[in-house]
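A structural walkthrough
These are the residues of each chain, in order.
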Amino acid sequence: MGLSIDEQKAVERFRTAVVEPSQTKLVILDFWAEWCGPCKALAPMLEKVVGEYADKGVVLAKINVDEDQFIAAQFQVQSIPTVYAMFQGQPVADLTSARSESQLRQALDQLLAQLPVQEGGTGEAASQGPSPEQLAQYVKMGEEALAGDDPQRAAGIFAQITEFAPDNAPAHAGLVRALVQMDQVEEATRVMQAIETDPRLAADPAIAAARSAIELAATKVDDGELAGLRAAAEANPADMDAQFAFAEGAFAAGQRDAAADTLLAMVASDRDWNEGAARAKLLKIFEAIGLEDEWVVATRRRLSKILFG
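Residues numbered from 1 in each chain as written. Predicted model: local features only at pLDDT ≥ 70, side-chain atom pairs only at ≥ 80, totals over all residues. Heavy atoms only, no water.

In this structure the tally under the stated criterion is 1 disulfide. With a sulfur-sulfur separation of 2.3 Å, C36 is cross-linked through a disulfide to C39. Judged by the sign of its S-S torsion, about 80°, the bond between C36 and C39 is right-handed. The exposure classification of C36 matches that of C39, with both residues buried. (Disulfide = S-S within 2.5 Å. Buried < 20%, exposed > 50% of the residue type's maximum accessible area, 1.4 Å probe, protein only.)

Evaluated as defined, the whole model comprises 5 aromatic pairs. For the pair F31 and Y84, a centre-to-centre distance of 6.3 Å together with 85° between the ring planes defines the contact as edge-to-face. With F31 in strand β1 (residues 26-32) and Y84 in strand β3 (residues 82-87), the pair connects residues that are 53 residues apart, well separated along the chain. Of the residues examined, Y84 reaches a relative accessible area of 17% and is grouped as buried. Taking 5.7 Å as the distance between ring centres and 55° as the angle between the ring planes, the aromatic pair formed by F244 and W273 counts as tilted. (Phe/Tyr/Trp six-rings, centres within 6.5 Å; stacked < 30°, edge-to-face > 60°. Helix = DSSP H or I, 4+ residues; strand = E, 2+ residues; numbered from the N terminus.)

A separate point is the nonpolar core. Ranked by size, the top nonpolar core spans 79 residues in total, and within it L26, I28, L95 and L108 carry the most contacts. Tallying contributions element by element places helix α8 (residues 169-181) first for this core, with 8 residues. With residues near it in sequence (within four places) discarded, L95 still touches I28, V83, Y84, A85, L104, A107, L108 and L111. The next biggest cluster of nonpolar side chains, apart from the first, holds 20 residues, and it includes A10, F31, V59 and I71. (Core = buried A, V, L, I, M, F, W, Y, C linked by side-chain atoms within 4.5 Å. Contact = heavy atoms within 4.5 Å.)

Right, let's get into the packing of helix α9 (residues 185-196) against helix α11 (residues 205-217). Where α9 meets α11, the closest approach of the two axes is 11 Å, and the angle between their N-to-C directions is 145°. Relative to α11, the crossing made by α9 is left-handed. Each of V185, A188, T189, M192, I195 and E196 in α9 lies in contact with α11, whose residues at this interface are I207, A210, R211, I214 and A217. Across the contact of α9 with α11, the residue classes break down as 8 nonpolar, 1 polar and 2 charged. (Axes fitted to C-alpha atoms, helices over the stretch in contact; angles between N-to-C directions. Left-handed = near helix turned anticlockwise from the far one by under 90°. Nonpolar A, V, L, I, M, F, W, Y, C, P; charged D, E, K, R; others polar.)

What follows concerns the pairing of β3. Taking burial as the measure, the 6 residues of β3 include 6 buried ones, the bulk of the element. Residues T82, Y84 and M86 of β3 are buried on one face, and the alternating residues V83, A85 and F87, pointing to the opposite face, are buried as well.

Backbone torsion omega between I80 and P81 reads 5°, so that peptide bond is classified as cis. Along the chain, P81 turns up in the loop between α3 (69-74) and β3. Even without being glycine, Q88 reaches a positive phi, approximately 50°. Tracing the chain through its elements places Q88 in the loop between β3 and β4 (90-94). For E275, which is not glycine, the phi dihedral falls at a positive 60°. E275 sits in the exposed class, given a relative accessible area of 80%.

Within this structure, the stated rule accounts for 16 salt bridges. Across the pair E101 and R105 runs a salt bridge whose closest N-O atoms are separated by 2.8 Å. With E101 and R105 both in helix α4 (residues 101-114), this residue pair falls 4 residues apart, about one helical turn. Given a relative accessible area of 26%, E101 falls into the partly exposed group. (Salt bridge = Lys/Arg side-chain N within 4 Å of Asp/Glu carboxyl O.)

Because the α-helix completes a turn every 3.6 residues, residues three or four places apart line up on one side. Along its 14 residues, helix α14 (residues 256-269) runs 20 Å from first to last C-alpha, staying within 8% of the 20 Å computed at 1.5 Å per residue. Along α14, the residues classified as buried are A259, A260, T262, L263, L264, M266 and V267. Structurally, α14 contributes buried residues whose contacts are with α13 (240-252), α15 (277-289) and α16 (294-308). (Expected span 1.5 Å × (residues − 1).)

Now for the side chain of K62. For K62, the location among the structural elements is in strand β2 (residues 58-64). Within the structure, the side chain of K62 is placed 2.9 Å from the side chain of D30, a separation counted as a polar contact. For K62, the residues in contact, after removing those within four places along its chain, are D30, W32, A43, E47, M141, E144 and R153. (Polar contact = N/O pair within 3.5 Å; in protein donor to acceptor, adjacent residues only side chain to side chain.)

Before going further, it helps to examine the environment of A73. Assignment of secondary structure puts A73 in helix α3. In the structure, A73 is positioned 91 residues away from F164 in sequence and 36 Å away in space, judged by C-alpha atoms.

The next subject is the sheet that holds β2. On the basis of which strands lie adjacent, the open sheet formed by 4 strands has the order β2-β1-β3-β4 and mixed pairing. Every interior strand has two partners, whereas the edge strands, β2 and β4, have only one. With strand direction ignored, the average angle separating the axes of adjacent strands in the sheet is 30°. Looking at chain direction, β1 and β2 are connected through 7 bridges and run parallel. Paired with F31 across the strands is I63, a residue of β2. Docked against the sheet, helix α2 (residues 37-52) engages β1, β2 and β3, running at close to 160° with respect to β2. (Pairing = 2+ DSSP bridges.)

Here is the structure:
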């Protein structure tokens, strides 16, 4: 068909995320971008209402127009947010103007009355809430909110998921990490203590990342102390203890670039110092933020370059 490799991959992702589910479900397709303020304002409403309609066969799919420009072009998206309802692979309604919960509910009710949408289930199945696929999609939304520096929205998404699926470890871990980012470390610690009592959750690798986030936040100092740590580190670059103390304080204060730069310099200077403490701290930071985060990916490349040349 004359498509490039990237375009073929985009089409396949769209087929999996939208076309196939839409054969039996009503897929609400949200075109958005990380830099789009109105998109971020609309997203929580879409997530809430679509979640309410999950047992009626309504699911939410999101297309980042920066990452999937080819798909956005096929839909001739001129501005964002743009929202379509998809059924059996075709757009059946433009829902962009539905900016309130009541407007979206009214539009969904009308569509569901006209289309043979397969419901999510009845009786016991319906009471189970969203499907595993939908839950995974919501977890992805929460992670995107975290990566987009919107921990409050992320916390709301993750908290809703844990209500539907108390055994969903990524959602519990995401909630802890979001609370830490919001500087609500005590609340994050209480959530973690509850997680630790559930053997289904405690051993999950996702929970390890949440533990790391709490541990790193515990090193937070006030602005005056951080300034002192910075001054001590700058005054004596060879003092590894001073460098390490500043890196810990900087990361806990949200200055992750300064923390990473300092730790990377320590690894480059003496990777074996204190049994590789600088590298271990970097790995813990990566774990706490999330290995798929763009900043983490870039910083891991810097670390690899230092370690392996």
